[in-house]
Amino acid sequence: MFVLRGVQRHLRFAQRPDLNEKFYKMSGKPEPMAVFSVFQTTFLLALLSLRMYQSQVFSEPLPLAPKSLEISIDSTHQRLHLQWRVHNLAYHRELKMVFQIEISRIKTSNVIWVENYSTTVKWNQVLRWSWESQLPLECTQHFVRMRSGAADAQIPEPRFWGDWTSWEEVAVQSSLGHHPLSVFPKDKLVEEGSNVTVCYVSRSHHNNISCYLEGIQIHGEQLDPNVCVFHLNNVPFIRDTGTNMYCKMDPGGVIKGIVLFVSKVFEEPKDFSCETRDLKTLSCTWDPGKDTGLLTQLSPSYTLFESFSGKKVICTHKSWCDWQAAPDSQEMYNFTLTAGNDLRKRSVHLLFNLTHRVHPMAPFNVLFKNVSPTNAAMTWRVHSIGNYSTLLCQVELYGEGKVIQKQNVSVVANGELLVRNLEPYTEYVAQVRCAHASHFWRWSEWTRDNFTTAEAAPSEAPDVWREVKSVQGHRVVTLFWKPLSKLQAKGKILFYNVVLENLDGPSTMKLLSIPAPANCTELALDHHSYQIHVTANNSVGTSPAAVITLSRDPGNKDVEEARVKGTKDGFSLSWKPQPRDVTGYIVEWCEHPRDPRCDLQWKSLGPNTTSTVVSSDAFRPGVRYNFRIYGISTERIPYLLEKKTGYSQELAPSDSPQVHIGNLTASSFTLSWKGWPAEPQPGFLRGYSLYLKSKAVQCLPGSEKAVLPDGSVCCKYKIDNPKQKTFVVQNLQPASFYEFFLTPYTSAGEGPLGTFTKVTTQDEYSRILIRILVPMILCILLLTILCYLKSQWMKEKCYPDIPDPYKSSVLSLIKSKENPRLTIMNVKDCVPDAIEVINKREGARKSLIETEPTKPTYLHLLPTEKSYPGPGPCICFENFTYNQAASESCGPVPGPPKEQPSQLGLLTSSENVLKALGKTYVNSLGEIPAGETNLNYVSQLASPLCGDKSSLPTNPPEPALCSEYKMQMAIPMGLASPPSITPLDEGAAAHSPCPPRSSGSRCAAHGEQFAQVQSERGRAGRWTLHPGWNFQCQ
Amino acid sequence: MKQCRRIWTILREFLSLLLVLHCTHGAGSPLPITPVNATCATRHPCHSNLMNQIRNQLAQLNGSANALFILYYTAQGEPFPNNLDKLCGPNVTDFPPFHANGTEKSRLVELYRIIAYLGPSLGNITRDQKVLNPNALSLHSKLNATADIMRGLLSNVLCRLCNKYHVAHVDVAYGPDTSGKDVFQKKKLGCQLLGKYKQVIAVVAQAF
């Protein structure tokens, strides 16, 4: 043992040149030492050979150290790949060995990984081992060393480790260049949910570096002053374009980043299955599962491996793969489907017998032979599967979309099946599929074809009905029939034969052939009885005949119409059973009653039926349908039994009747309407609702409160009798305002609310007033008409142009008041108090305007202004109608001339008139021809005391009322006004229809002054203002 | 006679020296060295209004450059949109220069180099973006449209150079190949190039 250990020491010494060198350096005398060493080595080698031989014999451990250790770096996968050899292993010798590998980070003492790698070592074999680092290799240095030991069972315990190899440094950082900042790992691909370690490496630890993931700052741990590590745990899938992670260095603002690609978890293939259609090719399919989301970066690959044959196929599709089977040599197959990408590999296995996975191809050449009305022979062929393989085929027969027959047939090559119990002239679809009979795996696809059975004679008589109309003494019979159903027709109906047989006359038959698809014909018949036979014909034969008899008697008797209530399902009709023999019943109705064509429908029922439900898709709500129920006698004569009418669904009225108001009184009014509505009615009318709005809060008896849709409250009268056409609204308030609205209602409800009609009840006293006022108005009207007709007479009588004072009624009144002193004043009694003398200057015409107006000269007959400080006692009028004689005794009493303008101003109603007057006045003065003479008539309107000179008031406190005319007088022109007065302009004239009989009093009342002068033309009663004259009302 | 021969020798040596100097300068420079009388033929006749076409194409490129730039950096995600100065700054060192105040010929030659530089670079960007942002169809479309216009512009500039200035060949430089770079670096290089392109095309369009 001691020798062995010494040899081992020597071996180690020999294997370590550094020790050898040291040894040589220490010795200082190389030559004698070298000789000694060579000798010693030779000796020891001889001993070693002997020892090795002995070790085989004695099974002692042999230290074989790993040599030529090489380390390569895979940055993408963060892996270190180690490869080495074991020297000194005997040729063709295998030895089970253990290699202990240590990995340190940053420094050799910081061991982060120790692993024992056991393997069988051959001579000169290159051994490989790899290690994946969680930390990117670029982040810091790594160191690797290893040692070996024997693990062979032949070597007895205890076994010893060999010496460690020296530390091998893995320094990727040195190859990074001089970038101030770097982030690792680059473009890392990971699955979601995994943990990722990221680091940054900076050249200077004085910088402030912050890192962000998805814009959010992340914090790591400082590995060394220049390296910071970030552990990202359970990373989620964010997007298929990757996630930017970046670090920013301050100052400088350098940004460095990486893109982290997180894929979804690569799923295991599902539903892996293989089958064959011809025992030659196996088709394997699977569901690849969900997409990883990173198809560009992580394209999956699929590989199919069969373990018995050891063959392998790389699949070009991600969900299926074909495999060439060898049916003659291999029956069992054991497949392994391996799916993988850079991150993960998934495998699924499948073991099967080839013959148990036969999926036959679809049958072909499906044919139908010997097709009769009820049978057909079906044949088909199948693809052969191997030799003598029997297939089970399934045949399905479809009629009108439903499976009507299903049969299984065993087939080797050709299939055949007789299909029975078919309907004539019917289209069928037959389909067939097959599967392996011995080991059912899967049905083939269906192969289908259709065929039509042959025709047969119609089996049923057509359903016939008639409509009889009387036109000009003849019967027009419209004969209807329903087309036979497919089952009844048993072929294509080509024509209908109608045979007319006169039952009353000699036995004559008339045949009408009506081509299909007609379903009616019109016949003009006399009033004899006829029996009509209708048959349907196809290419094979004729149907039984449908018989209907038209009797001579029309048979229309008055049958009362009954109401029937319809539902969504139709009308349920029932009738009384007939005592006499009937062969059946017919229910007849119009499907479109509002249409003139009506679309007559009927339903034939058996003799024992007394009720039926008539339903139709054509029935519409709000349409009234009329039904007639006929019984068919044994002679095939129909007779009317009952009439029914009804709605499938009643609707509320859509409009309201027009209502008229009558008998409007103070407390009531009557409403009348013409019924509602015009046809068609959407339901049976049940009555009317009257809505009455009023100011009264309480509703009157017979009505109830109702709330209208607009929220307003009113009173509602219910009129239950639909035939009622009038309604009296009573107990109303006089002279009150009401609003009403009448609407009909059916069982479905009332009609829509429309505009309310307004009505106001009469006042209680208005009638009395009318009774009084109407006669009065009539009387007035009569009087007015009379006055108008007798206006001339009236004028003469009541107000002649020249009033005769003696005829004045006033006089009689005065007399009646027994005042004998008051009489008509005589002109002679009038004592003029002054005479106005108007000086007329010849030749002064042109200078008239420049000079002052001529001042009239007053000859005061009575005491002057001084003696009479008040206004004059009498007023004088001019009136040309009076004779000249009168003027001799009485002269005019003109007013002071200085007041002329103002007096004119008061008299005219407009300035134009005033101006015109002034102008006329001026012109007229200037145009007065010399020597012309005119008469001025002055009428004096006396005060009540005018005739009594002695009683003239000296200073009357108030203006005296002039209520009557005095004697009028004519004044010679020499004393009076300007010799000629030109007639005034028309525009300046003030017209008055009558003499100003009361103007004196009016003037007096107002205390104003005005003058009215009648021109020569004014004899006919026209009064003209004369500017040169004035008269006073005082 | 000897003197004459000496003079001729000196002159010949001088000319040779000049030629050598000229060749030395030309070898290191991308300036065209096509002789004036060299054959210069284009496959198709040039458009009569070539300069207008060039101007229009430049205007078209200038009009769409900013939108392309925005579209690009938006598609790259954070931190690109918020760190344009650091990640997308026009720090392209080997980008061909352009002197707006040069002659038309020199401007056309420089334009040719720029377009020749940009064309493949845009191709690289388009290729990268189709992988990195497969759903950014608008960006792909704009990149393709820009590349199409550049191809037309390159053809027009070459036509002009050939027809008017008899320049048949221009030495060009290309941008860095991004195929070996990491994804973040690809994004950054693309952004820088488009930023530079946006900046340069404005000057070029203005110069023409």
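Per chain, residues are indexed from 1 in the order of the written sequence. Labels follow written order: the first chain is A, the first ligand is 1, and so on. In view of the model being predicted, local features appear only for residues whose pLDDT reaches at least 70, and side-chain atom pairs are presented and counted only at 80 or more, with totals across whole chains, interfaces and linings using the full set of residues. Hydrogens and water are ignored here; the side-chain numbers use all heavy atoms of the structure.

**Considering the state of the cysteines**
Residue and element names in this part refer to chain A. Note on disulfides: each one is a pair of cysteine sulfur atoms within 2.5 Å. As enumerated under the stated definition, the model contains nine disulfides over all chains in all. One disulfide bridge connects cysteine 274 with cysteine 284, the sulfur atoms lying 1.9 Å from each other. On the sign convention where negative means left-handed, the S-S torsion of about 110° between cysteine 274 and cysteine 284 marks this disulfide as right-handed. Here cysteine 284 lies in strand β18 (residues 281–287) and cysteine 274 lies in strand β17 (residues 270–276), a separation of 10 residues in the sequence. Strands are runs of DSSP state E lasting at least two residues, helices are runs of H or I lasting at least four, and both sets are numbered from the N terminus onward.

**With respect to the interface of chain B and chain A**
Whether two residues are in contact is decided by their heavy atoms, any of which lying within 4.5 Å being enough. Listed per partner, the contact involves 18 residues of chain B and 16 residues of chain A. What gets called buried area is simply the loss in accessible area from a 1.4 Å probe that two parts show on being joined, summed for both. Of the roughly 1,400 Å² buried between chain B and chain A, counting both surfaces, carbon and sulfur atoms make up 56%. Among the residues chain B hides against chain A, the three largest losses belong to B:Lys86, B:Asp182 and B:Phe184. Together they make up 32% of the total. Any Lys or Arg side-chain nitrogen located within 4 Å of an Asp or Glu carboxyl oxygen qualifies as a salt bridge. At the junction of chain B with chain A, the criterion picks out one salt bridge. Its salt-bridge partner being B:Asp182, residue A:Lys186 comes within 3.9 Å of it at the nearest N-O pair. Any N or O atom pair separated by 3.5 Å or less is treated as a polar contact, with the protein-specific requirement of one donor-capable and one acceptor-capable atom, and with residues adjacent in sequence counted only for side-chain atom pairs. The interface formed by chain B and chain A contains six residue pairs in polar contact (both at pLDDT 80 or more). When residues in the side of chain B that touches chain A are grouped by element, the largest group, four residues, is from helix α6 (residues 183–207) of chain B.

**Examining the confidence of the model for chain B**
Per residue, pLDDT captures the predictor's confidence, and it can take any value from 0 to 100. On average, residues of chain B score 80 in pLDDT, and 80% of them reach the 70 mark or higher. Under the prediction, the complex receives an ipTM of 0.76, its pTM being 0.51.

**Notes on the nonpolar core**
Only buried residues count toward a nonpolar core, which is a set of Ala, Val, Leu, Ile, Met, Phe, Trp, Tyr and Cys residues joined through side-chain atoms within 4.5 Å. Here's how the labels work: a residue is buried when its accessible area is under 20% of the maximum for its type, exposed when over 50%, partly exposed in between, all with a 1.4 Å probe on protein chains only. Formed by 58 residues in total, the largest nonpolar core has its most connected members in B:Ile54, B:Leu111, B:Tyr197 and B:Phe208. Top element by residues in this core is helix α4 (residues 104–132) of chain B. It accounts for 11 residues. When residues no more than four places from it in sequence are discounted, the contact partners of B:Ile54 are B:Leu108, B:Leu111, B:Leu153, B:Asn156, B:Val157 and B:Arg160. Listed in part, the 43 residues of the second largest apolar core include A:Leu282, A:Trp380, A:Val419 and A:Tyr428.

**Brief notes about the sheet that holds strand β3 (residues 95–105) of chain A**
Residues and elements named next belong to chain A. Spatially, the four strands line up as an open sheet ordered β4-β3-β6-β7, and their pairing is antiparallel. Two strands close off the open sheet at either side, each with one partner strand: β4 (111–121) and β7 (168–170). Going from strand to strand, the sheet's axes swing by 25° on average, the running direction of each strand aside. Pairing between strands requires that DSSP locate at least two bridges from one strand to the other. Note: β3 against strand β6 (residues 142–150), nine bridges, orientation antiparallel. Bridge pairing in β6 places glutamate 102 opposite arginine 145. To obtain each axis, a line is fitted to C-alpha atoms, and for helices this fit is confined to the stretch in contact; angles are then taken between N-to-C directions over 0 to 180 degrees.

**Here we look at the environment of A:Tyr585**
Residues and elements named next belong to chain A. Following the sequence through the fold, tyrosine 585 ends up in strand β40 (residues 582–590). Counting along the chain gives 19 residues from tyrosine 585 to serine 604, while the straight-line C-alpha distance between them is 5.9 Å. One polar contact links the side chain of tyrosine 585 to the main-chain amide nitrogen of glutamine 578, over a distance of 3.4 Å.

**Observations regarding the pairing of strand β25 (residues 376–381) of chain A**
Residues and elements named next belong to chain A. Where burial is concerned, most of β25 is hidden: five out of the six residues are buried. Across four bridges, the pairing between strand β24 (residues 364–369) and β25 is antiparallel. The partner of lysine 369 across the bridge, within β25, is alanine 377. In this antiparallel pair of consecutive strands, β24 and β25, the connection spans six residues, and asparagine 370 shows a positive phi of 50°. Strand direction decides the pairing type here: β25 and strand β28 (residues 414–419), joined by six bridges, are antiparallel. Across the sheet, residue arginine 381 finds its bridge partner in β28, namely asparagine 414.

**Overview of helix α2 (residues 50–76) of chain B**
All names here are of chain B. For a helix, the expected span equals 1.5 Å multiplied by the residue count minus one. When the terminal C-alpha atoms of α2 are compared, their 37 Å separation across 27 residues agrees well with the 39 Å that a helix rising 1.5 Å per residue should span. Fitting axes to the seven residues ending at a residue and to the seven starting there, one defines the bend at that residue as the angle between these axes. In the structure, α2 departs most strongly from a straight axis at alanine 65, where the bend amounts to approximately 35°. Looking one or two places after α2, you find glycine 77, whose phi comes out positive at around 80°.

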